[in-house]
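Chain residues, written in single-letter form:
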Amino acid sequence: KPADLSDTNGVADNTQTPYTSSFVLPLTALDPSLTHPVHLAFLYEYREPTFGIISSAKASGSSLFEERRDILTYNVFTLDLEQRASTTLLSVSGLPYDLFQVVPLPLPVGGALLIGGNEFVHVDQAGKTNAVGVNEFARQCSTFSMADQSDLALRLEGCTVEQLGLDTGDMLVILSTGELAMLSFRLDGRSVSGLSLQRVADDRGGLAIKAGASCTASLGRSKIFVGSEAGDSVILGWTRKTAQLTRKRSHAQMLDVDSDISLDEDDLEDLDDDLYGGSDLGAKQDNVSSPTTGSAPSNYTFRVHDTLTNLAPIRDICLSKPAESVRREDRIKVDRITAPLELVAITGQGRAGGLAVLNRDIHPLVLRQTEFSRTKAIWTVNAKKPAPKGLAKPEEGTVDTEAEMSPDADYDQFMIVSRSDLGSDDLSEESK
C-alpha cells in the first residue's frame, strides 16, 4: 500500500512500501462449497501462492459416517493477489471423512500428503491419488481405493510427519505413543505409483522417543527437533547406510572417517565385485528398474542426541523427607547436601511417565575424579584429527563451521595441567 506520508512542508511522499495492504478473502468466495474447511497448507513448486485445502459441503463426523462416509474434497487454488481472485487447479472428491491434515511435499515426490486417522493419501499435481490403509478400520470406514496394510494396526490420530531427506522423499512418522514408522513413496519417474509404511525396529531406534510429538522441526545434518507436551523433547538424529558410498570408499577409509556407516557381508561382496569384476555385477545392474522406492527402513538407525527435560503433565505431587540411607558407592561419588523437604511428582504419560524428585539445591554427581598436587594452572584444548591419507582435503570456503563445532564431531579432547615441580602433564582422552 502506498505510504501516505507528508513532510514538514505538506508535500506528499509517494514512496512505495515493499508490501501491499492486507485483505480478507472468504473461502466461500473461492468456492461456494467450502463451508466446512478441515485444513489447508501452501504447496511447493508453484510460481503463484497456491494452497491445498480439505473441506466438505456438510459437517463430517464418526457418528454420521454411514450417511457421510466419503464426503471430503481436496481442492487446490492459486491466488492472484493483485486482482484478489483465485483459480481452481484441481479437485479430488470422495475422500475419507477422517482426513485431518495437509502436508505439502517438495520434490522429488511433490504434491501433498493427506493424513487421516486410518490412512495416508497422496495427491500429486495432476490430481492422481495413491493411498494406503494402516489398520482394519480403513476398509470399513471408506470405500476409497487404497492399498491394504491393515496388519500394521496403527492409529494415526495425533501423529506428526517429517521428511528425512530430499533425495528419496522418505518421511518419518511419529505416532501418538512415540513409536516411529517410515513412509516411503514408490516413484516411477516423477510420478508416485504407490505408498508403503513400515515400523522402525526396536534395535534401529523405533522406541527412541517415549511420548508423542507436539511439533517437529528439521535442524539439518540428519537431525530433527521433536517437541513433546507429554514427555521430554529430544533432538533425534539418524544415519543411513548408503551402498554407493561404500563402493566409492575403501574399507580402511570408512573405518577412519565415518564411524556411523557399517559394512555388512553384502557390502563387502559389492566391494569385491567392484575390484575384481564379479560375474554377478551385470545381473545386479539389470535388476534395477525404472520404478524406485525410498531407502528401506532397515537402512535407517535413529538415536537421541540430546534431551530437554519436561515435567508436564503433573498428575499428582506431595512433600517428602529425603532418605537418610545412602548407598556406600553413592557416598564415595557424591558430596550430598540434603534439603529438609523435597517434592515428589508423578509426571508424563505412557512410556514417558515416571517419578520426578524436585529439590531446591543442586546435588552434583561426580563421574570421575583425579587428584593433582601442587597444580598451578589447568586448561583444555580441542584438536581435530587429521584426515586419513588418500582423502582429498575440503576446498577453502566449503568447511561447515557449525558441523565442526557439533557435539558429535570427531575431536580429541586434551587437558593440560601445569605443575610447579614436574612441569606439565598432558592428559588426553579421545571423545566418544
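Within an unreviewed UniProt entry, the label attached to the chain reads mRNA cleavage and polyadenylation factor subunit, and the organism entered is Cryomyces antarcticus.

A. Region of the structure containing the overall build of the chain. In terms of helices and strands, the chain carries 8 helices and 26 strands. Burial statistics for the chain: of 432 residues in total, 33% are counted as buried. Carbon together with sulfur atoms contributes 51% to the accessible area of the chain, which is approximately 26,900 Å² in total.

B. Fine view of the side chain of Glu119. By the secondary structure assignment, Glu119 is in strand β9 (residues 119-123). Lacking a salt bridge, the buried Glu119 has Arg139 as its closest oppositely charged neighbour, with an N-O distance of 9.6 Å. The residues touching Glu119, leaving out its near neighbours within four places in the chain, are Pro96, Asp98, Leu99, Leu114, Val132, Gly133, Val134, Ala138, Met146 and Leu156.

C. Representation of the sheet that holds strand β16 (residues 215-218). Strand order in the open sheet made by the 4 strands is β16-β17-β18-β20, with antiparallel pairing throughout. Sheet topology places β16 and β20 (300-308) at the edges, where each strand pairs with a single neighbour. Pairwise comparison of adjacent strand axes, ignoring direction, gives a mean angle of 25 degrees for this sheet. Two elements, strand β17 (residues 223-227) and strand β18 (residues 233-240), share 4 bridges in a ladder whose sense is antiparallel. Within β18, the residue paired with Val226 across the bridge is Val234.

D. The sheet that holds strand β8 (residues 112-116), seen in detail. Within the open sheet, the 5 strands sit side by side as β7-β8-β9-β10-β11. Their pairing is mixed. Unpaired on one side and paired on the other, β7 (99-104) and β11 (147-148) mark the two borders of the sheet. Of the pairings in the sheet, the one linking β8 to β9 comprises 4 bridges and is antiparallel in character. Paired with Ala112 across the bridge in β9 is Val123.

E. Layout of the nonpolar core. Within the largest apolar cluster, 23 residues are counted, with the highest numbers of intra-cluster contacts made by Leu113, Phe120, Met171, Val173, Leu183, Phe185 and Leu197. Within the residue set of this core, elements represented by two or more residues are β8, β13 (171-174), β14 (180-188) and β15 (191-199). Considering each element in turn, this core owes the most residues, 4 residues, to β14. If we ignore the near neighbours within four places in the chain, the residues touching Val173 are Phe120, Cys159, Thr160, Val161, Glu179, Leu180, Ala181, Leu183 and Leu197. Judged by nonpolar contacts, the second largest core, of 19 residues, contains Val76, Ala138, Phe144 and Met146.

F. Main features of the packing of aromatic side chains. Taken as a whole and assessed by the stated rule, the structure comprises 4 aromatic pairs. Ring centres of Phe51 and Phe77 lie 5.8 Å apart, and the angle between their planes is 35 degrees; on these two criteria the pair is classed as tilted. Here the residue Phe51 occupies a position in strand β4 (residues 50-56), and Phe77 occupies one in strand β5 (residues 72-80), the gap between them amounting to 26 residues. There is no split in this pair, since Phe51 and Phe77 are both buried. Look at Tyr300 and Phe302: their rings are 6.2 Å apart centre to centre, the planes differ by 15 degrees, and that puts the pair in the stacked class. Grouped by ring-pair contacts, the aromatic residues Phe42, Phe51 and Phe77 constitute a single cluster.

G. The arrangement of the confidence of the model for the chain in detail. Averaged over all residues, the pLDDT of the chain equals 78, while 71% of them reach at least 70. In this model residues 268-291 is a low-confidence stretch, pLDDT under 50, and it forms 19 contacts with partners more than four residues away in sequence or in other chains. Below pLDDT 50 for its whole length, residues 428-432 participates in 10 contacts with residues either more than four positions away or in separate chains.

H. Spotlight on the pattern of salt bridges. For the structure shown, the criterion picks out 1 salt bridge. Between Glu179 and Arg199 there is a salt bridge whose closest N-O contact spans 2.9 Å. Remark: Arg199 occurs in strand β15 and Glu179 occurs in the loop between β13 and β14; sequence separation between them is 20 residues. What makes Glu179 partly exposed here is its relative accessible area of 26%. You can call Arg199 partly exposed: its relative accessible area is 35%.

I. A look at the pairing of β13. Residues Met171 and Val173 point to one face of β13 and Leu172 and Ile174 to the other, with burial holding for every one of them. The pairing of β13 with β14 spans 4 bridges and is antiparallel. Residue pairing for β14: Ile174 is matched across the bridge by Leu180. The hairpin formed by β13 and β14 contains 5 residues between the paired strands, and Gly178 there has a positive phi angle of roughly 95 degrees.

J. The environment of Arg221, seen in detail. Position of Arg221 among the secondary structure elements: in the loop between β16 and β17. Given a relative accessible area of 37%, Arg221 falls into the partly exposed group. Note: C-alpha distance between Arg221 and Gly237 (16 residues apart in sequence) is 8.5 Å.

Each value, and the rule that gives it
Residues numbered from 1 in each chain as written. Predicted model: local features only at pLDDT ≥ 70, side-chain atom pairs only at ≥ 80, totals over all residues. Heavy atoms only, no water. Helix = DSSP H or I, 4+ residues; strand = E, 2+ residues; numbered from the N terminus. Buried < 20%, exposed > 50% of the residue type's maximum accessible area, 1.4 Å probe, protein only. Areas by Shrake-Rupley, 256 points an atom, 1.4 Å probe, with all protein chains shown as cover. Lys, Arg positive; Asp, Glu negative; His and termini not counted. Salt bridge = Lys/Arg side-chain N within 4 Å of Asp/Glu carboxyl O. Contact = heavy atoms within 4.5 Å. Pairing = 2+ DSSP bridges. Axes fitted to C-alpha atoms, helices over the stretch in contact; angles between N-to-C directions. Core = buried A, V, L, I, M, F, W, Y, C linked by side-chain atoms within 4.5 Å. Phe/Tyr/Trp six-rings, centres within 6.5 Å; stacked < 30°, edge-to-face > 60°. pLDDT = per-residue confidence, 0-100.

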